[in-house]
Amino acid sequence: MRVEDSRFIRGRGNYTDDVKLPGMLYMEILRSPLAHARIISIDTSRAWAIPGVRLVLTGEMMAQRNLAWMPTLSYDTQAVLATDKVRFQGQEVCVVVADDPYIAKDGCEAIDVEYEPLPPIVNPEQSAAPGAPVIRDDKQGQVDNTCYRWEVGDREATERAFAEADVVSKLKLHYPRSHPSPIECCGSVADFDPATKKLTVYMTSQAPHIVRSAVALIAELPEHMIRIVSPDVGGGFGNKVPVYPGYVHSILASILLGKPVKWTEDKTGNLISTGFGRDMYLDGEMALRSDGKILAVRMHADTDQGAFFADAQPSKFKIGLMHSTFACYNIGTGYITAQGHYTNKAPGGVAYRCSFRVTEAMFFQERMVQAAADDLGIDQAEFRRVNLLPDDAFPARTPFGFLVDSGQYDKCLQIGLDAIGYEEFRREQAAARAKGRLLGIGISTMTEPLGAGNSREYDILGIKMFDSAELRVHLTGKAILRTGAKTQGQGHETTWAQIVSHELGIPAADVVVEEGDTDTAPYGMGTYASRSTPVAGAAVSMVSRKIRAKARKIAAHLLEVSEEDIEWELGRFFVRGAPERGATIQECAMAAYSNMPDGMEPGLEGNAYYDPPNLTWPFACYIVTVEVDPETGVWDVLRVVAVDDCGVRINPMIVEGQIMGGLTEAYAMSNMQFQTYDAEGNIVGSNYMDYLIPTAWETPGFELHEVVTPCPHHPIGAKGVGECAAVGGPAAFVNAVLDAIAHTGVRNIDMPVLPDRVWTALQTHQDV
Ligand code: MCN
């Protein structure tokens, strides 16, 4: 059991909605029913007349304070409350603050808004069509719906490689829009104290320090007078990285009213308005030699960004880290272009369990690899063996500029193939097919860049991507550790204490871990992109080593020898050659406050910032077998084998939990979890009847295996793992279904691979 579980299973978690302050008021948001419309008028008089209503905010009132628009983490702007137009269904139009949440809801219902509907744009094709209405006409110089254009790679070299290719394999697909859907929705309790002018905000955030800086910029408050507290968070999955308008409303309301104001988002609000992931159209091709060697890759991505470009960007790259695609293969050269499109949908592109668009890139990569192998008539496993980077290739520079530093790709693949019984399955598959049964096997092999950091290349809002840890060892030898990361269920309280224990020998049970309070935690960039272990975890290791170095001096003083004569074994210093003469870390801690050497500062505490020289590069091989029912198109998962190499595992149980969680999302993505809009821009999945996530009952079992290739730059050799399976898994499921129906010649079925799509493919022998 993890340390934090004791609190959660007893119902003693402390979430934002558990925060109750004296005199607290409640806030509700009125959202737009239309996807695209001009606001003709807003009449709030009936709402103001309701007893108990304390404040009604409109976009116009916000505009008077210069707060109607706020910057997003992608250097775009987002409406805090709509002024001239609404640009997606669910957009925030008005806010009511009242004595209780029910009065606030009644207040919203009493607001009369008159709209003039405008034609909605619900996909990139409509967005780019000549004459399409300009969605972001609020932006100066915006003449069409292009959000960004971007390119990377070597165009000429790629063209040459394609000219020399024996075979060119092509693939076009859509990765549908999806919502992270954490159990806990977003929310905040803003508490502005008019006496001290200090603003405290309890809120659901994966990155409290970034929020503090953003609030300081938006509200023009001094940063040291802002305290952001992210208490227990009931799942984030990327959903709680952005700064949403609701947080800003509650802050402004608290400042205006001088009272605490609580905003608790409901499920529908969360499902229709907060950060979505994916929604990318990918079109690419691969230049191949007839012996199976990849010569080059060319691809284009059209992303549906929704009405505001609100991705959490870790860098200058407009499309996150998508160009890490094909990083585990030797592809020779490549060229990628991308175009972002504004549409009348909620802001998209949030890093939903992916390192910034990596999920889509890896999905395309593994679907393309399968299509290419099929086009060449080469076995899937063999094609990968030919093209995966060999062990002696590291460090390897990818054509798109990344440095992949370590891995044992063949070994992982082989373990996976042996575990699933690849050759035997192929024989079984052929025999079954002769009897009309459709069995399929899908492989996905991938590395991804985890641990956004390396201040030369990555920043958010200009703030460099590092992370931090602060450790205080008390005189009793017990310790408190704080980091700039923020767990949302990943188990940092357990694993960080393990690192301290590993480095200092203090029992993990004697180390308390705290995250999420900007008044006490050191500045850090938060938890997403599986960056906590690679960056904050490294800082935990480093600060522990700093403390050990000081304790060593104290030990030399206590043992009356020179520091050079001191040896260290876990938790104890001793004199070289006389192991019976020693001092434990606890004795050194006591001495740090009671008997320190002359000239030494008292205390045993310190902090460390880790600015990683590189990202970390975990590798994974996922293999799925399925059986497709030829009569109905329904497919059942037979087995799922996962081989993950995330370097040294701090806590194997937690790592396995992360992989199982990721595989569950991968399975969901492949066949049920997607978000659509109708032609009018109405969101279809606004509740769990229409937006499906798998329960334990639907979820297949997983067989997990491991390989350990330590990360060369991480102090304890760990790589990130939190999102690997969610990123690499979906292609294994889809590849398996396509493999089962390969005899039809169908090369693609877009996710979700629903039975009716499979059935149509079986009938028509056409891509679906
Ligand atoms: N770990 C380990 N050994 C390693 C790598 C990781 O023991 N070699 C442990 C870590 O110490 C941590 C956990 O595994 O307890 C995940 O670590 P890491 O891969 O560093 O990922 P983060 O902690 O940065 O978490 C982010 C990642 C992402 S990007 C999403 S999205 C996601 C995920 O984690 N959201 C989650 N897993 C989640 N799990 C839960 N329960 N809830 C979420 O919202």
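Throughout this document, residue positions are counted from 1 along each chain, in the order its sequence is written. Local features in this predicted model are restricted to residues whose pLDDT is 70 or higher, and side-chain atom pairs enter the listing and the counts only when it is 80 or higher, whereas totals over whole chains, interfaces and linings include all residues. Calculated side-chain values reflect all of the structure's heavy atoms, with hydrogen atoms and water omitted.

Moving on, we get to the overall build of the chain. Per the convention used, a helix needs a DSSP run of H or I reaching at least four residues, while a strand needs a run of E reaching at least two, with both numbered from the N terminus. Looking only at helices and strands, the chain has 19 helices and 32 strands in total. Only the C-alpha atoms count toward the radius of gyration. The rule for a globule is 2.2 Å times the residue count to the power 0.38. The C-alpha radius of gyration of the chain comes to 27 Å, within 12% of the 27 Å expected for a compact globule of 768 residues. C-alpha atoms of the chain, sized along the principal axes, occupy 85 × 75 × 50 Å. When the 768 residues of the chain are sorted by exposure, 63% land in the buried category. When the accessible surface of the chain is totalled, it reaches about 27,500 Å², and 52% of it is carbon and sulfur. Burial classes: relative accessible area under 20% of the type maximum marks a residue as buried, over 50% as exposed, and values in between as partly exposed (1.4 Å probe, protein chains only). We get accessible surface area from the Shrake-Rupley algorithm with a probe of 1.4 Å; when it comes to residues, only the shown protein chains can shield them.

Let us now look at the packing of helix H17 (residues 652-671) against helix H18 (residues 724-740). Look at H17 against H18: their axes get within 7 Å of each other, and the N-to-C directions meet at 45 degrees. Considering their axes alone, H17 and H18 lie oblique with respect to each other. Here the hand of the crossing between H17 and H18 comes out right-handed. In this structure, H17 uses Ile659, Gly662, Leu663, Glu665, Ala666, Tyr667, Met669 and Ser670 to contact H18, whose residues at the interface are Ala725, Ala726, Gly729, Pro730, Phe733 and Val734. Its residues placed into classes, the contact of H17 with H18 shows ten nonpolar, three polar and one charged. Axis lines are fitted through C-alpha atoms, for helices just across the contact stretch, and the angle between N-to-C directions can take any value from 0 to 180 degrees. Between 65 and 115 degrees an angle is taken as roughly perpendicular, under 35 as roughly parallel, over 145 as roughly antiparallel, and anywhere else as oblique. The handedness criterion is simple: a crossing whose near helix is rotated anticlockwise from the far helix by less than a right angle is left-handed, and one whose near helix is rotated clockwise is right-handed. By definition in these notes, contact holds between two residues if any of their heavy atoms fall within 4.5 Å. Nonpolar residues are Ala, Val, Leu, Ile, Met, Phe, Trp, Tyr, Cys and Pro. Charged residues are Asp, Glu, Lys and Arg, and all others, Gly as well, are polar.

Whether two strands pair comes down to DSSP finding at least two bridges between them. Read from one edge of the open sheet, three strands run E26-E27-E28, paired in antiparallel fashion. At either margin of the open sheet sits one strand with a lone partner, and together these are strand E26 (566-569) and strand E28 (578-584). Within this sheet the neighbouring strands show an average axis-to-axis angle of 35 degrees, counted without direction. Bridging between E26 and strand E27 (residues 572-575) involves four bridges; their strand directions are antiparallel. Bridge assignment links glutamate 569 to a residue of E27, and that residue is arginine 572.

Spatially, four strands are ordered E25-E24-E23-E29 in an open sheet, and the strand pairing comes out mixed. The open sheet is flanked by strand E25 (511-515) and strand E29 (605-610), the only strands paired with a single partner. Taken over all neighbouring pairs, the strand axes of this sheet differ in orientation by 15 degrees on average, direction set aside. Summarising the sheet, strand E23 (residues 467-473) and strand E24 (residues 479-483) pair through five bridges and their orientation is antiparallel. Bridge pairing in E24 places arginine 472 opposite isoleucine 480. Together, E23, E24 and E29 form the strand contacts of helix H15 (residues 532-559), whose direction differs from that of E29 by roughly 145 degrees.

With respect to the helices and strands, the residue arginine 87 is situated in the loop between strand E6 (85-86) and strand E7 (92-98). For arginine 87, a relative accessible area of 0% corresponds to the buried category. For this analysis, a polar contact is any N or O atom pair within 3.5 Å, provided that within protein one partner can donate a hydrogen and the other can accept it, and provided that sequence-adjacent residues contribute only side-chain to side-chain pairs. Here aspartate 84 takes part through its side chain, which lies 3.2 Å from a polar atom of the side chain of arginine 87. Excluding residues that lie within four positions of it along the chain, arginine 87 makes contacts with Ala35, Trp69, Ile135, Arg136, Asp137, Asp138, Ala307, Phe308, Thr343, Asn344 and Lys345.

By the criterion of burial, strand E3 (residues 53-58) is predominantly enclosed, with five of the six residues buried. Sheet analysis places E3 next to E7, joined by five bridges and oriented antiparallel. Directly across from threonine 58, in E7, lies its bridge partner cysteine 94.

Residue count minus one, scaled by 1.5 Å, sets the expected span of a helix. Compared with an ideal rise of 1.5 Å per residue, which puts 20 residues at 28 Å, H17 spans 29 Å between its outermost C-alpha atoms and is within 8% of the ideal. Within H17, 14 of the 20 residues are buried, which leaves the element mostly enclosed by the surrounding structure. Measuring from the side-chain oxygen of the N-cap residue of H17 to the backbone nitrogen of methionine 653 gives 3.1 Å; that N-cap residue is asparagine 651.

Residues in contact with the ligand amount to 34 residues; listed here are only the nearest, Gly236, His492, Ser532, Thr533 and Gln658. Glycine 489 has a polar backbone atom sitting 3.1 Å from a nitrogen atom of the ligand. A distance of 2.9 Å separates an oxygen atom of the ligand from a polar backbone atom of asparagine 651. Computed on the free molecule, the ligand has an accessible area of 830 Å², of which 96% lies beneath the protein chains in the complex. For the shell around the ligand, the secondary-structure elements that each account for two or more residues are helix H14 (492-504), H15 and H17. Nearness here has a simple test: a residue counts as near a molecule or strand if at least one of its heavy atoms is within 4 Å of that partner.

Time to look at the confidence of the model for the chain. Each residue carries a pLDDT value, the predictor's own confidence for that position, ranging from 0 to 100. On average, residues of the chain score 95 in pLDDT, and 100% of them reach the 70 mark or higher. Under the prediction, the complex receives an ipTM of 0.99, its pTM being 0.96.

Turning to the pattern of salt bridges, a few remarks are in order. Any carboxyl oxygen of Asp or Glu that lies within 4 Å of a side-chain nitrogen of Lys or Arg is treated as forming a salt bridge with it. Going through the model one piece at a time under the given rule, you end up with 52 salt bridges. The partner of lysine 262 in a salt bridge is aspartate 17, and the shortest N-O contact between them spans 3.3 Å. Of this pair, lysine 262 sits in strand E14 (residues 261-264) while aspartate 17 sits in the loop between helix H1 (5-9) and strand E1 (25-31), and the two are 245 residues apart along the sequence. Under the relative-accessibility criterion, aspartate 17 is labelled partly exposed at 39%. The partner of arginine 426 in a salt bridge is aspartate 379, with the nearest N and O atoms 3.9 Å apart. Of this pair, arginine 426 sits in helix H13 (residues 422-434) while aspartate 379 sits in the loop between helix H10 (358-376) and helix H11 (380-387), placing them 47 residues apart in sequence. Each of Asp76, Asp84, Lys85, Arg87, Arg136, Asp137, Asp138 and Lys139 takes part in salt bridges that share partners, so that together they form one network.

The pairing test for Phe, Tyr and Trp rings, Trp by its six-membered ring, is centres within 6.5 Å, and the orientation test on the planes gives stacked under 30 degrees, edge-to-face over 60, and tilted for anything in between. Scanning the entire structure with this criterion turns up 17 aromatic pairs. Summarising the aromatic geometry, the rings of tryptophan 69 and phenylalanine 308 are spaced 6.0 Å apart at their centres and angled 75 degrees between planes, so their arrangement reads as edge-to-face. A residue pair is termed long-range when its members are at least 10 positions apart, and tryptophan 69 in strand E4 (residues 69-71) and phenylalanine 308 in the loop between strand E16 (294-306) and strand E17 (333-342) qualify at 239 residues. Ring centres of tyrosine 409 and phenylalanine 619 lie 4.0 Å apart, and the angle between their planes is 15 degrees; on these two criteria the pair is classed as stacked. In this pair, tyrosine 409 sits in helix H12 (residues 409-420) while phenylalanine 619 sits in strand E30 (residues 619-628), placing the two residues 210 residues apart along the sequence. An aromatic cluster is built from Trp69, Phe88 and Phe308, whose rings are joined through pairwise contacts. Here, a charge over a ring means that NZ of Lys or CZ of Arg falls within 6 Å of the ring centre while also lying within 35 degrees of the ring normal. Sitting above the plane of the phenylalanine 276 ring, arginine 177 keeps its charged end 4.8 Å from the centroid. When the ring centre of phenylalanine 162 is taken as origin, the NZ or CZ atom of arginine 298, which lies over that ring, is 4.0 Å away.

Nonpolar side chains collect at one region of the surface, where Leu475, Met590 and Tyr593 lie side by side and expose about 250 Å² of accessible area between them. Considering the arrangement of structural elements, one finds methionine 590 in helix H16 (residues 585-594). Residue classification places methionine 590 among the partly exposed residues on the basis of a relative accessible area of 39%. Patch members must show over 30% relative accessible area and no salt bridge, and they are joined within 9 Å when carrying like charges or within 5 Å when they are nonpolar side chains of Val, Leu, Ile, Met, Phe, Trp or Tyr.

Glancing now at unusual backbone geometry. Most peptide bonds take the trans form, and the phi angle of most residues other than glycine is negative. Residue phenylalanine 394 is joined to proline 395 through a cis peptide bond whose omega torsion reads -5 degrees. By secondary structure assignment, the location of proline 395 is in the loop between H11 and strand E18 (396-397). Cis geometry marks the peptide bond from methionine 751 to proline 752; its omega dihedral reads -10 degrees. Residue placement: proline 752 occurs in the loop between H18 and helix H19 (755-764). Of note, arginine 357 is a non-glycine position whose phi angle comes to about 70 degrees, a positive value. By the element assignment, arginine 357 lies in the loop between E17 and H10. Given a relative accessible area of 2%, arginine 357 falls into the buried group. Although it is not a glycine, glutamate 560 adopts a positive phi angle of roughly 60 degrees. Classification of glutamate 560 as exposed rests on a relative accessible area of 70%.

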